[in-house]
Amino acid sequence: MSENAWSTPFEIDAGVHSIIGKVRDHNEDAYLVNLALGLYAVADGLGGHQAGEHASSLAVQVLGAQLGRVHELGVAPSLDSLLEAFDRANLRILEDADAHPERQGMGTTLTAVLIYGRRLLLAHVGDSRAWRIRDGQIEQLTRDHTIVEEQVRGGALSTEDARHHPMRHILSRCLGIRDEIEVDLVEADVSVDDIYVLVSDGLTPGCGPEDMMALIRENPVAEQAARVLVSHACERDGQDNITAVVVACREG
Ligand code: MG
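Below or above, wherever it landed, is the structure these notes cover. Values in this document were obtained by computation on a predicted structure and should not be read as measured data.

Quick word on the pattern of salt bridges
Per the counting criterion, the structure on display carries 15 salt bridges. Within the structure, one salt-bridge network assembled from shared partners comprises Arg143, Arg173, Glu182 and Asp184.

And the structure:
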């Protein structure tokens, strides 16, 4: 029962690339690529003195460990499994900050997808993004949890104003700040030849959705595609850490 519940008929090709970028002195992005669980994630930490990278790495560790436990129990994965993992990651970061005052205020985004059978489960907090490329179209599966994005949705700001807004990076939701977190959850079907791309916000200024589609079309191997997306973004911007996870679902 356990293996069937988690296995997928697709042949998965997954790749990842993560860099510091041109100006930062350390990489606060973290990622998870776990083919056995079908679990992929990007986390982008915040907080000084290396606390940000600690928060993002704790988030992906707790996520992987918790889903690993669900897998071992032989239970099919669900949105509740992801939600529970996000809750645990949040509490773990809060506990760690309590135990280490120098890390107070650290937080992280966390965007995760789990592919099992022909289904996709997605959980998301913050402004890392998940995209889906299907039939030559690219669609953003997540919405950014930033103050500016909330204002755009509320009609107080235009999309164009938001693009250059000085506060566009300020998060309205993240892990590690409060006991309670609000997680966006999505469940969807997976089709053959779907490609899922998870990115930290450092990719966005230098690599828009059309660029992503073109570069992935030119680079069909996931590892190579991830590398090319990140270097393309860095050449054009590179002010932040940049991470991309590419997951291609091919005919098995
Ligand atoms: Mg970032």
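Regarding the pairing of strand 2 (residues 29-34)
Bridge count for strand 2 against strand 3 (residues 39-46) is 6 bridges, and the pairing is antiparallel. Its bridge partner being in strand 3, leucine 32 is matched across the sheet by alanine 41. Hairpin connection from strand 2 to strand 3: 4 residues lie between these consecutive antiparallel strands, with glycine 38 at a positive phi of about 70 degrees.

Side note on the state of the cysteines
Applying the stated criterion across every chain yields a total of 0 disulfides. You can see cysteine 207 has no disulfide; the closest cysteine sulfur is in cysteine 234, sitting 12 Å from it. Judged by relative accessible area, which is 2%, cysteine 207 ranks as buried.

Some thoughts on the sheet that holds strand 1 (residues 11-19)
If you trace the 5 strands from one edge of the open sheet to the other, you get 1-11-10-7-8, paired in antiparallel fashion. This sheet does not close on itself; its edge strands, each paired only once, are strand 1 and strand 8 (137-140). Averaged over neighbouring strand pairs, the angle between their axes works out to 15 degrees when direction is ignored. The sheet contact formed by strand 10 (residues 195-199) and strand 11 (residues 242-250) spans 5 bridges and is antiparallel. By the bridge assignment for strand 11, valine 199 is matched with alanine 244. In the packing of helix 7 (residues 222-236) onto the sheet, contacts are made with strand 1, strand 10 and strand 11, and the angle to strand 1 comes to roughly 30 degrees.

Description of the environment of aspartate 13
With respect to the helices and strands, aspartate 13 occurs in strand 1. In sequence terms aspartate 13 and valine 221 are 208 residues apart; their C-alpha atoms lie 7.3 Å from each other. Sequence-distant contacts of aspartate 13, that is, excluding residues within four places in its chain, are made with Pro220, Val221, Ala222, Val246, Val247, Ala248 and Arg250.

A short note on the environment of arginine 217
Of note, arginine 217 is situated in helix 6 (residues 209-218). Separated by 81 residues in the primary sequence, arginine 217 and glycine 136 have C-alpha atoms spaced 9.2 Å apart.

Observations concerning the packing of helix 2 (residues 51-73) against helix 3 (residues 79-99)
At a minimum axis distance of 8 Å, the contact between helix 2 and helix 3 shows a crossing angle of 140 degrees. Between helix 2 and helix 3, the crossing angle belongs to the class labelled oblique. The crossing of helix 2 and helix 3 is right-handed. Contacts between helix 2 and helix 3 involve His54, Ala55, Leu58, Ala59, Val62, Leu63, Gln66, Leu67, Arg69 and Val70 from the first element and Ser81, Leu82, Glu84, Ala85, Phe86, Arg88, Ala89, Arg92, Ile93 and Asp96 from the second.

Observations regarding the nonpolar core
Residues Leu39, Leu63, Leu67, Phe86, Leu110 and Leu175 are the most contacted members of the largest nonpolar core, which totals 34 residues. Listed by contribution, the elements that provide at least two residues to this core are helix 1 (2-6), strand 2, strand 3, helix 2, helix 3, strand 5 (110-116) and strand 6 (119-125). Cys207, Met213, Val230 and Ala233 belong to the second largest nonpolar core, which has 23 residues in total.

So, how was this worked out
- Residues numbered from 1 in each chain as written.
- Predicted model: local features only at pLDDT ≥ 70, side-chain atom pairs only at ≥ 80, totals over all residues.
- Heavy atoms only, no water.
- Salt bridge = Lys/Arg side-chain N within 4 Å of Asp/Glu carboxyl O.
- Pairing = 2+ DSSP bridges.
- Helix = DSSP H or I, 4+ residues; strand = E, 2+ residues; numbered from the N terminus.
- Disulfide = S-S within 2.5 Å.
- Buried < 20%, exposed > 50% of the residue type's maximum accessible area, 1.4 Å probe, protein only.
- Axes fitted to C-alpha atoms, helices over the stretch in contact; angles between N-to-C directions.
- Contact = heavy atoms within 4.5 Å.
- Parallel < 35°, antiparallel > 145°, perpendicular 65-115°, else oblique.
- Left-handed = near helix turned anticlockwise from the far one by under 90°.
- Core = buried A, V, L, I, M, F, W, Y, C linked by side-chain atoms within 4.5 Å.

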